[in-house]
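# A closer look at the structure
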Amino acid sequence: MMEMNYLYKELYSRYGAVLRARKCFLYTKKGVRVTDLFQENGKAILGWGGHKSFTQFKNIMNRGILGSFLTEYENRIQKAVCDLLDSKRVVYLFKSKQSALKAALSLSPADTSFWRPWNPGGDNWHEKSVVIVVPPFPWAEEIYIVAALPEIVEIADAAGKEPIISEKISAPFLVGATRSIYDIIAESSLRTETDWFKYDSVLCKYWVRKGPYLFPKMKEQEYEKFVIHCLDCSILISPFYNTPSIVPFGADVGVFTKLKNNPFNFEDVL
């Protein structure tokens, strides 16, 4: 299985360091603009740079609120998650997927879901017992939010289960993540099927598209070669076979000309 670090090393070896990132594009030292369909594992689905979330991030940094002490921002991110899921939630914060998933499954092994914007499977998040949310804040580090219905937490407490303890997240990161949640709420009605299907003539040869998400058609053993082939065509896609790539919102269809003129040949469609 390809690793993310390997993908970025391959990007660097072809095009040099990334000097700037805007919207769905990475601008490299060799003057090549790479179209980003990986989008930092979906955290950059709203685009790279230029967000109010970064302005607020910098404001908190400038105020020096960088320590491990409690701030008012833990409560604010809880409110944002409740608004996102349209339901009252008890929220726990984690720095890794493993820790978050362990906590979530301890509360509800049968009804835990990962939140995804423009989810092709529906949007009835308010009905889910436990939802794991990764805010769309394009940052290398990650924050995983376990959002549980209060009654689920009450049942766990009554059963004598070990209490879940949130991990400490820096205040600037919390503020940026909180703002990004409100940004995705505001953006949710502005992106529709019309914005995604216009790329189908090229992309659907290689992927099954569900909303903005692209699931590979080729066999898993062929996928790594396809990732490198796309990179040679100035397209960065998900290095993980089971993690979908994302339609590059707002890009011109012409960004896929190299791929169209230099098709990847794979054996069988799944």
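Below or above, wherever it landed, is the structure these notes cover. (Residues numbered from 1 in each chain as written. Predicted model: local features only at pLDDT ≥ 70, side-chain atom pairs only at ≥ 80, totals over all residues. Heavy atoms only, no water.)

## Quick word on the nonpolar core
The biggest cluster of nonpolar side chains holds 73 residues, and the ones touching the most others in it are Leu85, Ile143, Ile145, Trp207, Phe226 and Ile237. If you tally residues by element for this core, the top one is helix 6 (residues 171-187), at seven residues. Apart from residues lying up to four places away in sequence, Ile145 is in contact with Ile77, Val81, Val91, Tyr92, Leu93, Val131, Ile132, Val133, Pro135 and Ile181. Membership of the second largest hydrophobic core comes to 16 residues, among which are Tyr92, Tyr144, Leu149 and Ile152. (Core = buried A, V, L, I, M, F, W, Y, C linked by side-chain atoms within 4.5 Å. Buried < 20%, exposed > 50% of the residue type's maximum accessible area, 1.4 Å probe, protein only. Helix = DSSP H or I, 4+ residues; strand = E, 2+ residues; numbered from the N terminus. Contact = heavy atoms within 4.5 Å.)

## Comments concerning unusual backbone geometry
Non-glycine residue Lys23 carries a positive phi angle of around 55 degrees. Here Lys23 lies in the loop between strand 1 (18-22) and strand 2 (25-28). By relative accessible area, which is 64% here, Lys23 ends up exposed. Its identity as a non-glycine residue notwithstanding, Asn41 has a phi of 60 degrees, on the positive side. Relative to the helices and strands, Asn41 is located in the loop between strand 3 (33-36) and helix 2 (52-62).

## Section: the sheet that holds strand 5 (residues 112-114)
Here we have four strands laid out as an open sheet, ordered 4-7-6-5, and mixed in their pairing. Every interior strand has two partners, whereas the edge strands, strand 4 (90-94) and strand 5, have only one. Strand after strand, the sheet turns through a mean of 20 degrees between neighbouring axes, direction not considered. For strand 6 (residues 130-133) and strand 7 (residues 144-148), the ladder comprises four bridges, and the chain directions are antiparallel. Paired with Ile132 across the bridge in strand 7 is Val146. (Pairing = 2+ DSSP bridges. Axes fitted to C-alpha atoms, helices over the stretch in contact; angles between N-to-C directions.)

## Regarding the packing of aromatic side chains
In this description, an aromatic ring pair is defined by two values, namely the gap between the centres and the angle between the planes. A complete count under the given rule lists 17 aromatic pairs for this structure. Each ring, one from Phe38 and one from Phe240, has its centre 6.2 Å from the other, and the planes form 70 degrees; the classification is edge-to-face. Of this pair, Phe38 sits in the loop between strand 3 and helix 2 while Phe240 sits in the loop between strand 10 (235-236) and strand 11 (245-246), and the two are 202 residues apart along the sequence. The pair Phe38 / Phe240 is uniform in exposure class, with both members buried. Plain terms: the ring middles of Phe226 and Phe264 are 5.2 Å apart, the flat faces sit at 50 degrees to each other, and that makes the pair tilted. Of this pair, Phe226 sits in helix 9 (residues 220-232) while Phe264 sits in the segment after helix 10 (257-261), and the two are 38 residues apart along the sequence. Phe264 sits in the buried class, given a relative accessible area of 11%. Here Arg33 stacks its cationic end above the ring of Phe25, 3.9 Å away from the centre of that ring. (Phe/Tyr/Trp six-rings, centres within 6.5 Å; stacked < 30°, edge-to-face > 60°. Lys NZ or Arg CZ within 6 Å of the ring centre and 35° of its normal.)

## Overview of the environment of Tyr8
Position of Tyr8 relative to the elements: it lies in helix 1 (residues 4-15). Take Tyr8: its relative accessible area is 27%, and that puts it in the partly exposed class. Each C-alpha atom, one on Tyr8 and one on Cys230, is 13 Å from the other, the two residues being 222 residues apart in sequence. If near-sequence neighbours (up to four positions away) are discounted, Tyr8 is found in contact with Phe38, Glu40 and Leu236.

## Examining the packing of helix 1 against helix 9
Direction vectors running N to C along helix 1 and helix 9 enclose 30 degrees, while the axes themselves pass 10 Å from each other. Between helix 1 and helix 9, the angle is such that the two are roughly parallel. As for how helix 1 packs across helix 9, the hand of that crossing is right-handed. Across the interface between the two elements, Tyr6, Leu7, Glu10, Leu11, Arg14 and Tyr15 of helix 1 pack against Glu224, Val227, Ile228, Leu231 and Asp232 of helix 9. (Parallel < 35°, antiparallel > 145°, perpendicular 65-115°, else oblique. Left-handed = near helix turned anticlockwise from the far one by under 90°.)

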